Amino acid sequence: MRMRHRTSRQAVAFAAVAALGVGLLAGCAEDSKEPGGSGDSGKKDAKGKTTITVGVFGAFGLKEAGLYDQYMKENPDIVIEQTSVERNENYYPALLTHLASGSGLADIQAIEVNNIAEITATQSDKLMDLGKVSGVDKNNFLDWKWAQGTSKDGKTVALGTDVGPQGICYRKDLFQKAGLPTDREKVGALWAGDWNKYLEVGKQFKAKVKDAAFVDGAQNVMAAVHGSSENRFYDKSGEVIYKTNPVVKEGWDLAAEFAEAGLSAKLQSFTPGWDSGFANGDFATISCPAWMLGYIKDKGGAKAEGKWDVAAAPKPSNWGGSFLTVPEAGKNKEEAAKLAAWLTAPEQQAKFFAERASFPSAKAAYELPEVKDAKHAYFGNAPIGEIFAKAAEGTPVQILGPKDLIIAQNLADVGMLQVDQKGTDPDAAWDKAVKSIDNALDQ
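Residues numbered from 1 in each chain as written. Predicted model: local features only at pLDDT ≥ 70, side-chain atom pairs only at ≥ 80, totals over all residues. Heavy atoms only, no water.

Trainee: Where do I start with the sheet that holds strand 2 (residues 78-85) in this structure?
Mentor: As a general point, the strands of a sheet are linked pairwise by backbone hydrogen bonds and lie either parallel or antiparallel. Across the sheet, five strands lie side by side as 2-1-3-9-4; this open sheet has mixed pairing. At either end of the open sheet lies a strand with only one pairing partner, and these are strand 2 and strand 4 (159-160). Here two bridges tie strand 1 (residues 50-57) to strand 3 (residues 108-112), and the two strands are oriented parallel to one another. Each bridged residue has a counterpart across the sheet, and for glycine 55 the counterpart in strand 3 is glutamine 109. Running over the sheet, helix 4 (residues 113-122) touches strand 3 and strand 9 (322-325) and is turned about 115° from strand 3. Of the strands in this sheet, strand 1, strand 2, strand 3, strand 4 and strand 9 are in contact with helix 13 (residues 333-343), which crosses strand 1 at around 55°. (Pairing = 2+ DSSP bridges. Helix = DSSP H or I, 4+ residues; strand = E, 2+ residues; numbered from the N terminus. Contact = heavy atoms within 4.5 Å. Axes fitted to C-alpha atoms, helices over the stretch in contact; angles between N-to-C directions.)

Here it is as structure tokens:
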């Protein structure tokens, strides 16, 4: 559920897509222009029930997975009311405004991963320390997910609902055509531990297959490489380092080589051409988080059934994930904190995965049968619980910064997309992207 870093158009699409975790592009029917509830926090009805409001973006999935109904059944004195803003790009700015004023807030507010660094850096004083809530156990969560929701002074203001560990989804029919192995274990071994090996496999593929590209788009390769490193755009002190960090330039150079070697289908995510490519076999591989499997099944349809599979990525990385926070200004913050703790507990995260394909951020859920034994029929009964659990546990504790999304979008949109689709010189495209980023950061 939720995006890692993509282009501006993809960011708009993702606010809905990633909120679903299964790739649907529609907002929640309960749409609102505000990030919070209707101002009813703290109210009790005639029967003495307490209403807890939850503000989310898109069809976030908690309600759709039946978790609210389960909680209300187990706690008959609680009523849960959810409101949703269709897109995070509208939800988040309004949320910041309401946090600043201390009014108009829901009892629980969802946060998308691209915004969590800004929240922990600038808004932690306005949010409850959920790490101290009864029933919340730090050891249940992935270390890097817990760290993302924790401020520098050690206050855990956000509990993770899910993550987006990535594998490599691949077309078995195209691999067979290229004379490459099709068994997922053997496929993963082709590039294990090194993104450069992924490039070399792409070159082998291109030598044998002329009517399909190896990857969907160079910018998505770049994002996957960047997502597999601890250091990316910021350092631990909060300084912007993307221009001098060798990891960022290595990811850029590798993606540019995919483009210049003719290994890319030159497609941009969440566009009609990209969507149809899943069914038509326009590309053989794509970096895919767990939530994208449902999207591929939806777009690939019967035409591609039996052709897709999923293997481990060269290095573990993450695309997506969200959090729940409880504003201090809420009228029912103690009850809201109990609900947030319950919703993010391993048992509920396992159910969330089973119902919505949103992979748990609670590592304790990985031994539960809903996750451990999970297989995906469309992907050749791939053991997706096992594959994505390994990816999630291997993902580094990545340093996030408040303007990560701006940097990533410009590197992709202003830079790599032009290299991929227009043949722009990589050095010229890098300089143009850097100029655009620096201008944006100075504003």
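Trainee: Explain the side chain of histidine 376 here, please?
Mentor: Note that histidine 376 resides in the loop between helix 15 (369-372) and helix 16 (384-394). On the basis of relative accessible area, histidine 376 is assigned to the buried category, the value being 16%. Excluding residues that lie within four positions of it along the chain, histidine 376 makes contacts with Leu293, Lys297, Asn381, Ala382 and Ile384. (Buried < 20%, exposed > 50% of the residue type's maximum accessible area, 1.4 Å probe, protein only.)

Trainee: What should I look at first to understand the sheet that holds strand 6 (residues 213-215) in this one?
Mentor: One open sheet accounts for four strands, arranged 6-7-5-8; its pairing is mixed. A strand with exactly one partner marks an edge of an open sheet, and here the two such strands are strand 6 and strand 8 (308-312). Looking at each pair of strands side by side, their axes are set apart by 25° on average, direction ignored. Most of the contacts of helix 11 (residues 272-280) go to strand 7 (residues 283-289), to which it runs at about 115°, and overall it touches strand 5 (166-171), strand 7 and strand 8.

Trainee: Looking at this structure, how should I read the environment of glycine 394?
Mentor: Inspection of the secondary structure assignment puts glycine 394 in helix 16. Residues glycine 394 and asparagine 318 lie 76 residues apart in sequence; the distance between their C-alpha atoms is 9.9 Å.

Trainee: Mind showing me how you'd approach the packing of aromatic side chains here?
Mentor: Aromatic rings considered in pairs are described by the distance between their centres and by the relative angle of their planes. Across all of its chains, the model carries 29 aromatic pairs by this definition. Taking 5.3 Å as the distance between ring centres and 55° as the angle between the ring planes, the aromatic pair formed by tyrosine 198 and phenylalanine 214 counts as tilted. Of this pair, tyrosine 198 sits in helix 8 (residues 195-208) while phenylalanine 214 sits in strand 6, and the two are 16 residues apart along the sequence. In terms of burial, tyrosine 198 and phenylalanine 214 fall into one category: buried. Note on phenylalanine 205 and phenylalanine 214: the rings are 5.6 Å apart at their centroids and 50° apart in plane angle, and the pair reads as tilted. Judged by relative accessible area, phenylalanine 205 falls into the buried class, the value being 1%. (Phe/Tyr/Trp six-rings, centres within 6.5 Å; stacked < 30°, edge-to-face > 60°.)

Trainee: Whenever I open this one, helix 4 confuses me. Can you help?
Mentor: An α-helical turn contains 3.6 residues, so any two residues separated by three or four positions project in the same direction. With eight of 10 residues buried, helix 4 is to be regarded as a mostly interior element. Looking only at helix 4, the buried set comprises Val113, Asn114, Asn115, Ile116, Ala117, Glu118, Ile119 and Thr120. In this structure, the buried residues of helix 4 make contact with helix 3 (88-101), strand 3, helix 5 (143-148), strand 9 and helix 17 (404-422). At the N-terminal boundary of helix 4, the capping side chain belongs to glutamate 112, with an oxygen 2.9 Å from the backbone nitrogen of asparagine 114. (Polar contact = N/O pair within 3.5 Å; in protein donor to acceptor, adjacent residues only side chain to side chain.)

Trainee: Looking at this model, I keep getting lost on the packing of helix 8 against helix 10 (residues 246-260). Mind explaining?
Mentor: Each packed pair of helices is defined by two parameters, the angle between the axes and the distance between the axes. Taken N-terminus to C-terminus, the directions of helix 8 and helix 10 make an angle of 0°; their axes are 11 Å apart at the nearest point. Classified by the interaxial angle, the pair formed by helix 8 and helix 10 is roughly parallel. On helix 10, the residues touching Trp195, Asn196, Tyr198, Leu199 and Lys203 of helix 8 are Leu254, Glu257 and Phe258. Class assignment for the residues of the contact of helix 8 with helix 10 results in five nonpolar, one polar and two charged. (Parallel < 35°, antiparallel > 145°, perpendicular 65-115°, else oblique. Nonpolar A, V, L, I, M, F, W, Y, C, P; charged D, E, K, R; others polar.)

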